[in-house]
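This is what each chain is made of:
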Number of protein chains: 6
Amino acid sequence: MTEVVTMGEAMIRLTPPDHQRLMTTPSLEVHIGGAELNVAVALAQLGVSVAWISKLPDNPLGRRVDAEARRLGVHTSRVLWLPGGKMGLYFYEKGVGIRAGTVLYDRADSAINSLSLDELDWDFIGRCRLFHTSGITPALSLSVRKLTVEVLRRVTERGLTVSFDVNYRSRLWEPLECRAALETILPLADLVVCTERDAGTVFGLFGSGEEIAQGLRRLSAAQAVIVTHGAKGVTAATEDGAFFEAAMVTDVVDRLGAGDAFCAGVIYGYLKGDLRLGVRFGLAMAALKHAIPGDWFIGTKEEVENLLKGEAGGVKR
Amino acid sequence: MTEVVTMGEAMIRLTPPDHQRLMTTPSLEVHIGGAELNVAVALAQLGVSVAWISKLPDNPLGRRVDAEARRLGVHTSRVLWLPGGKMGLYFYEKGVGIRAGTVLYDRADSAINSLSLDELDWDFIGRCRLFHTSGITPALSLSVRKLTVEVLRRVTERGLTVSFDVNYRSRLWEPLECRAALETILPLADLVVCTERDAGTVFGLFGSGEEIAQGLRRLSAAQAVIVTHGAKGVTAATEDGAFFEAAMVTDVVDRLGAGDAFCAGVIYGYLKGDLRLGVRFGLAMAALKHAIPGDWFIGTKEEVENLLKGEAGGVKR
Amino acid sequence: MTEVVTMGEAMIRLTPPDHQRLMTTPSLEVHIGGAELNVAVALAQLGVSVAWISKLPDNPLGRRVDAEARRLGVHTSRVLWLPGGKMGLYFYEKGVGIRAGTVLYDRADSAINSLSLDELDWDFIGRCRLFHTSGITPALSLSVRKLTVEVLRRVTERGLTVSFDVNYRSRLWEPLECRAALETILPLADLVVCTERDAGTVFGLFGSGEEIAQGLRRLSAAQAVIVTHGAKGVTAATEDGAFFEAAMVTDVVDRLGAGDAFCAGVIYGYLKGDLRLGVRFGLAMAALKHAIPGDWFIGTKEEVENLLKGEAGGVKR
Amino acid sequence: MTEVVTMGEAMIRLTPPDHQRLMTTPSLEVHIGGAELNVAVALAQLGVSVAWISKLPDNPLGRRVDAEARRLGVHTSRVLWLPGGKMGLYFYEKGVGIRAGTVLYDRADSAINSLSLDELDWDFIGRCRLFHTSGITPALSLSVRKLTVEVLRRVTERGLTVSFDVNYRSRLWEPLECRAALETILPLADLVVCTERDAGTVFGLFGSGEEIAQGLRRLSAAQAVIVTHGAKGVTAATEDGAFFEAAMVTDVVDRLGAGDAFCAGVIYGYLKGDLRLGVRFGLAMAALKHAIPGDWFIGTKEEVENLLKGEAGGVKR
Amino acid sequence: MTEVVTMGEAMIRLTPPDHQRLMTTPSLEVHIGGAELNVAVALAQLGVSVAWISKLPDNPLGRRVDAEARRLGVHTSRVLWLPGGKMGLYFYEKGVGIRAGTVLYDRADSAINSLSLDELDWDFIGRCRLFHTSGITPALSLSVRKLTVEVLRRVTERGLTVSFDVNYRSRLWEPLECRAALETILPLADLVVCTERDAGTVFGLFGSGEEIAQGLRRLSAAQAVIVTHGAKGVTAATEDGAFFEAAMVTDVVDRLGAGDAFCAGVIYGYLKGDLRLGVRFGLAMAALKHAIPGDWFIGTKEEVENLLKGEAGGVKR
Amino acid sequence: MTEVVTMGEAMIRLTPPDHQRLMTTPSLEVHIGGAELNVAVALAQLGVSVAWISKLPDNPLGRRVDAEARRLGVHTSRVLWLPGGKMGLYFYEKGVGIRAGTVLYDRADSAINSLSLDELDWDFIGRCRLFHTSGITPALSLSVRKLTVEVLRRVTERGLTVSFDVNYRSRLWEPLECRAALETILPLADLVVCTERDAGTVFGLFGSGEEIAQGLRRLSAAQAVIVTHGAKGVTAATEDGAFFEAAMVTDVVDRLGAGDAFCAGVIYGYLKGDLRLGVRFGLAMAALKHAIPGDWFIGTKEEVENLLKGEAGGVKR
């Protein structure tokens, strides 16, 4: 039985190798990224039964996304298909040192924008335990925004836990627009993850991690809220109080997807009834993700556990 | 002084290396293609002063197209820029043997669709001798179709020779729609190139090369019409009669852009007042293009001339 | 419901790129190959529900084989796992022109050799319609040979159709040893595929395609026997008589797996009750496979159908 | 109108990828480098109209240098061509950590050594505002040394500002030989850049940044002298006094060309009448250059400005 | 005349490029590694005449190992060949930051396991000065363990100095098994190198570097014992007392083989009668090795000497 | 004991991958080529003990040539070294179909030009059986030309057989200059190989293969003369008469070095006293060489013998 279902867009990611520039690179590496699919992939690596719901164009690029998700163990049988649709793309130039990484989206009018409520397999979704999506999904378009709210309503009615990652994207919408949408969405969420930065930008929440977390709890009435402080660590708050866990320091091979790997860890612990375990898993997974090319946490639960036992770096032989 | 100006869309082309499939390739090679830019690049290799007019998004992908055209010697100072615009893309899987090559376009709503008549530098265009475009340009959208017709009217008024390559693309429009548009365009053209296949599909012209060519002459009132018969050769027809030239046989590294290299050769000869020379140049260039990766004829006039002298293949050392 | 199940070993294949030699190549391309998995992958591309049964080492190489089979649509939930086991490998140097391709196996004592009858999920297998394996499986070791015979007995008892590809491998066993084993196996098979060359080497069957096919029918009592004549074509024989279909000529990118793609086509037609359709599908798939890197037919049913309609080569745009 | 003109040699640079050694690397990456062309490329990225003067062999390597400079926006119409000439080359093995990078020159008798005064287009040069060259140019050969001095005399006569980067290369000449030559050249320069290390090695100038700068001012009578202190920062001295700016710290992808990117920033500010702005631009550009493969600063003025605003690293999305 | 002879297994090493995972990498880089061959290669780079003894399969992989060792200057004429034998392999995923590197061996039943005493060319070995092997060799199998002891007995009888690197590999044997074997081997060794960690794990020796070194001296009666403390440095102990040398800090491109490069430096100094020089050489070589891809120290004595003079990093030009 | 010694220049060869052009390729493949070293490498593959004599610059590029020759089994202990010398280079763009391959030499003033007679180890050379060089060596410079003649005189005095490949290079000298030089050299040769084309261009010899061969025999007084007719085959003539052997047809991966592989085969047979065997070996090796990247025949005697037995193409498994 599928425990977790996530919903959102995935894109083909095209990245110049070896720190080259889009202006001059002779080739592009192909990866796949999308916050909710990234979370699903990371959960599947931990052995969690997880499905991903989306709409893809019925062409080789769309079929590739489906196939690679399946390769990594994500159930994709409920993905919907749009003949002639557009595959979302993004061009990602990695940063290094003071050189900033940049993302150039080419996702307007992509297939997911035609997703509708009645296309979804509600029997299937209803049998899952937890539904996850992020603030990127309602940012895609007005129609997807409406859909997201409706979907969240239905899944809560069916008794699923809702996990939500705020994931504010300044290239997709403005803070005020985001806030308005999320004021409808957050009250439907049981588990909320938000960066300290987004909390300030979108909700005007500043202060200590605990203060921000409690602010978000008030907005959302979620059981658990986790505020992430970048390279420092995270603050988790529930009705039982708050705790802080420090992030793991590591070198960076590929920065993208670390937040999603973190969410997967949190969800993993949440499903096991141990939020602190989830936060620790999440931090270890986010750190490992930094050392893995692409948006996806490709690894094993054993690697995460070894890291939590303190076995970092070196060579095992 | 710039002799030739071409107008049309160029796209970033993304191709799996080593005959891999889009479904599974880990990387994509980056090239640039677009019929009219391809013609401009090929003309520049022959030493012709040539400009390309288009509209590009003001992002690294758009700037790359501009830069690479300039690298190959094409004047791009009249290219227009659209902040926030979309770069046209296409994914090209090379065929080999019986495996067909496939093209997946992602060019809807690309920057060129916002090009307008009054953005063009008519002083600059007016000083050129020959204007070239192809049937792909009016196929892009209704607005570009109108623009194309207006542009052709103006350039003929200014005394430029108009060269037109029919270039029917079944993924962009239907034969009837194409025919209707071209019935307005062809009468404005002095030099027309058309494949035997397109002549049949679009205009219902069948028969010998000469018959098809004369049929197109009647539709267009062009001074010269050239019908290409794929790997066989071409038939050129003027008021002085028709002649046939056989194609050169070669191995295939990359099939795209060969027709555009041919057009460049024809224009080169036409400008020199020697259509037969142009046809021969065109056939040699099309053959060489098959052996060069990407859509562009990258080479020298000397290579073309050596080929016409019969020096094919081997190693010079 | 799963229609087809195949059983056999799959190996990691390591190939020097660009026609380099194992002696000096700086890198190796990673593919996956194994006759029965190749058949399963090709069937999945046609939309057939297909599972593959095997035993893999529980390490990243074994998990990769499982994941990539799943990526291409093969059900792998019944694959068995051997902690600490060895992944079978083979090094494949592609030939070109008169340079022969070479295969260097490193598969001794690989995980599949510990596969036992009672590990298999007989409920699952019993619900399938057709079971496929090849002569490579009983060649792996004596224990796998015994297992193969027992498995075939059980699946026939459960009413599955048995498809068997002779696939003689001179690096694994001698003709006499092979013949002895296959004399037990062939009578259990309903559908037999054999190259003309193997028929001669292993069974001493020579003569016309039809004579060889009938000879194999007598040995096997199969409903249908197909003898393949390399680049010439194939002869299929049933109780209703024999027919010949010519092979499609193509260029070669990667020769391996073409026979398995052929088998998949045959099985596809066989399941549809149309052996001739299957043979035609098989020949088209074998030809396409030659143009696709790796051992696997990665493509679509539409491509096969287009080829059968006569649309070969060129570029679709 | 062209504002800046630089003169010097450019070479094809060949670099083993992935930190490999020249002894064993199977391939070499192709870049182009040459101090004065590097400066021109970096200025073009800032939107400055800039030309580069040199002499290249009329072969594919020479034409490549011309084409790539043009791609990045440098005017190359005044480059001179030597049929049968030699293209300068250098092999560059990147260092990492304590492993030193190494440069192996193959530039003896390259095309630029035949450059003569009367080949230059003095009308064109006379219309520019600033002329830049470096101490590498007079180091190439005696004839180029004489030429350099004559050129500098003429450009000062024509009222151009002269910018000069000392750029001592121990593999090309000895400190005493360099000093003798530069004692003729520096008095012709208005803007001088010199590393602290070269100031000591060549001119015996030691002490604080300001002391060294003032020492160089006395030798050169330049309006502005900038002494660079490697990873620490730079000291700029004019008649109005001296100031220090700290360097930006970053990770290193490719160390070469950072000094030239710095010079470009300084020239940019100098032309705008704001030396301090130039120094800051230069430091930001040098830091960014460290994160970009090849000798060239490929980027935008916007990126430099963002860095000066404090937006370093991270990912924009 | 050959001064040094080393004996042990070498394997083909297969590594995903660019920090990719074995699960998904499309290609693998080919290197060669094996502790004793690594030492031989590093000695050859210093100009020491050195031979390597082993047994290889007579196939392209085995011949490759022989050829690459010869390329780097190691005498391989005494390598023995096993027709049909298995080449040892290992898959190495590089770590980065907190992501641990992992080694997956595929070396069971490789060719060296059939090596026998009387196959060795004792005339040749008898003319050498120093014999080196490591604790990996006796760990391969019981037969190789016996062989190792016998070989060490014979070489000591013939008056060769014996150098031994403890090199405990937890994936090959248990500490107790290792200790038992080494209690026979160490008394035959004149020069012993051991990591602080292995000293604790295998021999239960803890404490200061000097204490551990003296503990090992008692076990081995070696003239010199060197204990390495990872990134900190090493302690060397002889009857004349002990000294400490700090390690050089550097960035890591490839961690493997650094210990072997260190041993080579130590042997180099030992042969010159200057252990401290050897330790310094070894530390510089280990540091340089970290910056060189693959298991081998590929470089020059001049580079080591420059490093010891304090010339680290930067670019020489 | 070394049987064969060859003398000549070797160069680093730099080739764009995948049929790219020098103008635009982002990388170059590194190979090593030089007619006489190519012959030595091919002989070493057949198991012949062979040395190569040359002079190399003492830098990483020179050391690489030495190391790679040694890797392939060529004795290089008599190679001489020139500190600060120049490594000869050539850029090779592969042709395909009608696109001609092109060679751009950068070998002027390379290290071999300083080779002098008394640097050679005449004791070593005197112990060999056969000396081989080609017409490229005397074409390098006047000093090397003189040296070549003197060397050939000395080796004939010492009783070595002299093998000479005419190998006319139009980019190095004129036919008349070549003829004058070869009129001195050919009388010193016992075995002469010449293309039909060179025989005409340089010596004005036309007609049947036998007529040309006899013409060359008169010029050279060689025991055996072999005239090669490109893809057709070769004519061999001795005092016992002439015979023709047809070439083997194959696909082309890399055309360079095929003539040198042929020479190696001829020398192999000549040394065995069976010229016809040598010619057949040579033709098989030339054909195989076409299918192997780089200038070198990398393979085994077994592969050549299999080809002569008629086992061409296919896959062995």
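Residues numbered from 1 in each chain as written. Chains lettered and ligands numbered in written order. Predicted model: local features only at pLDDT ≥ 70, side-chain atom pairs only at ≥ 80, totals over all residues. Heavy atoms only, no water.

**Side note on the side chain of A:N113**
All names here are of chain A. Within the fold, N113 resides in the loop between β8 (101–106) and α3 (122–126). Side-chain polar atoms of N113 contact the side chain of S141, separated by 2.8 Å. If near-sequence neighbours (up to four positions away) are discounted, N113 is found in contact with R107, L140, S141, S143 and V144. (Helix = DSSP H or I, 4+ residues; strand = E, 2+ residues; numbered from the N terminus. Polar contact = N/O pair within 3.5 Å; in protein donor to acceptor, adjacent residues only side chain to side chain. Contact = heavy atoms within 4.5 Å.)

**Structural notes on the interface of chain B and chain A**
Listed as interface residues are 24 residues of chain B and, on the opposing side, 24 residues of chain A. When the two sides are added together, the surface that chain B and chain A hide from each other amounts to roughly 1,800 Å², 66% of it contributed by carbon and sulfur. Contact with chain A buries area across many residues of chain B, yet B:M23, B:L61 and B:R64 alone supply 28% of it, more than any other trio. Where chain B touches chain A, the interface holds two salt bridges. Of the charged contacts in the structure, one is a salt bridge between B:K86 and A:D106, with a shortest N-O distance of 2.5 Å. For the pair chain B and chain A, the interface holds nine residue pairs in polar contact (both at pLDDT 80 or more). Only β3 (27–33), α2 (60–71), β7 (89–93) and β8 (101–106) of chain B provide two or more residues apiece to the side of chain B that touches chain A. Here the element with the most residues in the side of chain B that touches chain A is α2(B); it accounts for six residues. A per-class count over the side of chain B that touches chain A returns 13 nonpolar, four polar and seven charged. Note: strand β3 (residues 27–33) of chain A against β3(B), three bridges, orientation antiparallel. (Buried area = accessible area lost by both parts, 1.4 Å probe. Salt bridge = Lys/Arg side-chain N within 4 Å of Asp/Glu carboxyl O. Nonpolar A, V, L, I, M, F, W, Y, C, P; charged D, E, K, R; others polar. Pairing = 2+ DSSP bridges.)

**As for the packing of aromatic side chains**
Residues and elements named next belong to chain E. This model, assessed by the stated rule, comprises twelve aromatic pairs over all chains. For the pair Y90 and Y105, a centre-to-centre distance of 6.1 Å together with 50° between the ring planes defines the contact as tilted. Linking Y90 in strand β7 (residues 89–93) with Y105 in strand β8 (residues 101–106), this pair joins segments that are 15 residues apart in sequence. With respect to burial, Y90 and Y105 carry one shared label: buried. (Phe/Tyr/Trp six-rings, centres within 6.5 Å; stacked < 30°, edge-to-face > 60°. Buried < 20%, exposed > 50% of the residue type's maximum accessible area, 1.4 Å probe, protein only.)

**Section: the confidence of the model for chain A**
In regions of low pLDDT, the predicted coordinates are not meant to be interpreted in detail. Counting all residues, the mean pLDDT for chain A is 96, and 100% of those residues have values of 70 or more. Of the two predicted TM-score estimates for the complex, the pTM is 0.97 and the ipTM is 0.95. (pLDDT = per-residue confidence, 0-100.)

**Re the relation of the copies chain B and chain A**
Once chain B is rotated about the relating axis by 180° and shifted along it by 0.0 Å, it coincides with chain A to within an RMSD of 0.0 Å. Taken together, these values place the two copies in the relation of a two-fold axis. Minimal C-alpha distance to the rotation axis in chain B is attained by B:L28, lying at 2.6 Å. When the interface residues of chain B are mapped onto chain A, 100% of them again lie at the interface, so the same face is used by both copies. (Least-squares fit on C-alpha atoms with pLDDT ≥ 70 in both.)

**A word on the sheet that holds strand β15 (residues 315–316) of chain F**
In space, the ten strands of this open sheet follow the order β15(A)-β8(E)-β7(E)-β2(E)-β3(E)-β3(C)-β2(C)-β7(C)-β8(C)-β15(F), with mixed pairing throughout. Here the strands that pair on one side only, and so sit at the sheet edges, are β15 (315–316) of chain A together with β15 of chain F. The pairing of strand β7 (residues 89–93) of chain C with strand β8 (residues 101–106) of chain C spans five bridges and is antiparallel. Counterpart to C:E93 in the pairing with β8(C) is C:T102.

**A closer look at unusual backbone geometry**
One non-glycine residue with positive phi stands out, namely D:N167, at about 45°. Turning to its location among the elements, D:N167 is positioned in the loop between β10 (161–165) and α6 (175–185). The phi dihedral of F:D109 is positive, around 60°, even though this residue is not glycine. By the element assignment, F:D109 lies in the loop between β8 (101–106) and α3 (122–126).

**Topic: the relation of the copies chain E and chain D**
Mapping chain E onto chain D calls for a screw motion: a turn of 120° about the axis and a shift of 0.0 Å along it, with 0.0 Å RMSD after fitting. Seen this way, the second copy is the image of the first under a three-fold rotation axis. Among all C-alpha atoms of chain E, that of E:D18 lies closest to the rotation axis, at 5.0 Å. Here only 5% of the interface residues in chain E have copies in chain D that are interface residues too; the copies meet through unlike faces.

**What about the interface of chain E and chain D?**
Opposite the 22 residues of chain E that make contact, chain D presents 21 residues. Each partner contributes to the roughly 2,000 Å² buried at the junction of chain E and chain D, and carbon and sulfur atoms together form 62% of this total. When the area that chain E buries against chain D is broken down by residue, the three leading residues are E:V315, E:K316 and E:R317, summing to 34%. Ionic pairing is found between E:E303 and D:R21, a salt bridge with its closest N-O pair at 2.5 Å. Here chain E and chain D share four residue pairs in polar contact (both at pLDDT 80 or more) between them. Counting residues per element, the ones that place at least two in the side of chain E that touches chain D are α10 (275–290), α11 (301–308) and β15 (315–316) of chain E. In the side of chain E that touches chain D, the residues fall into twelve nonpolar, four polar and six charged. Relative to β15(E), strand β8 (residues 101–106) of chain D is paired through two bridges, and the arrangement is parallel.

**Some words on the pattern of salt bridges**
Side chains that carry opposite charge are capable of pairing whenever their charged atoms lie near each other. Throughout the structure, instances matching the rule amount to 120 salt bridges over all chains. Between A:D254 and A:R13 there is a salt bridge, with its nearest N and O atoms 2.4 Å apart. Here the residue A:D254 occupies a position in the loop between β14 (241–246) and α9 (258–271), and A:R13 occupies one in strand β2 (residues 11–15), the gap between them amounting to 241 residues. Assigned by exposure class, A:D254 and A:R13 land together as buried. Here F:R63 and F:D58 are joined by a salt bridge, their closest N and O atoms 3.0 Å apart. Salt bridges sharing common partners tie together A:R21, A:E93, A:R99 and D:E303.

**Comments concerning the sheet that holds strand β1 (residues 4–7) of chain C**
Residue and element names in this part refer to chain C. Strand order in this open sheet of eight strands is β4-β1-β9-β10-β11-β12-β13-β14, and the pairing throughout is mixed. Each edge of the sheet is formed by a strand with only one pairing partner; in this case those strands are β4 (50–53) and β14 (241–246). Strand-to-strand twist across the sheet, computed as the mean angle between neighbouring axes with direction ignored, equals 15°. The sheet contact formed by β1 and β4 spans four bridges and is parallel. Bridged to M7 within β4 is I53. Against the sheet, helix α7 (residues 196–203) makes contact with β11 (191–195) and β12 (224–228), and its axis sits at roughly 90° relative to β11, the strand it touches most. (Axes fitted to C-alpha atoms, helices over the stretch in contact; angles between N-to-C directions.)

**Looking at the packing of helix α6 (residues 175–185) of chain E against helix α7 (residues 196–203) of chain E**
Residue and element names in this part refer to chain E. Viewed as axis vectors pointing N to C, α6 and α7 meet at an angle of 95°, and their least axial separation amounts to 8 Å. In terms of their interaxial angle, α6 and α7 are classed as roughly perpendicular. Where α6 abuts α7, its residues P175, C178, R179 and L182 lie against T201, V202 and F203. (Parallel < 35°, antiparallel > 145°, perpendicular 65-115°, else oblique.)

**As for the environment of F:L82**
Residues and elements named next belong to chain F. The topology assignment puts L82 in strand β6 (residues 80–82). According to the relative accessible area criterion, L82 is partly exposed, its value standing at 25%. L82 sits 43 residues away from V39 along the chain, and the two C-alpha atoms are 23 Å apart. Excluding residues that lie within four positions of it along the chain, L82 makes contacts with K55, L56, P57, D58, A111 and S114.

**Thoughts on helix α10 (residues 275–290) of chain D**
Counted at 1.5 Å a residue, the expected span for α10(D) with its 16 residues is 22 Å, and the 22 Å between its end C-alpha atoms agrees. In terms of burial, α10(D) is largely enclosed, as 13 of its 16 residues are buried. (Expected span 1.5 Å × (residues − 1).)

**Observations regarding the environment of C:Q20**
Mapping C:Q20 onto the fold places it in the loop between β2 (11–15) and β3 (27–33). C-alpha of C:Q20 to C-alpha of C:K289: the two residues are 269 residues apart in sequence and 21 Å apart in space. Aside from chain neighbours lying at most four places away, what touches C:Q20 is C:T25, C:P26, C:E93, C:R99 and F:P293.

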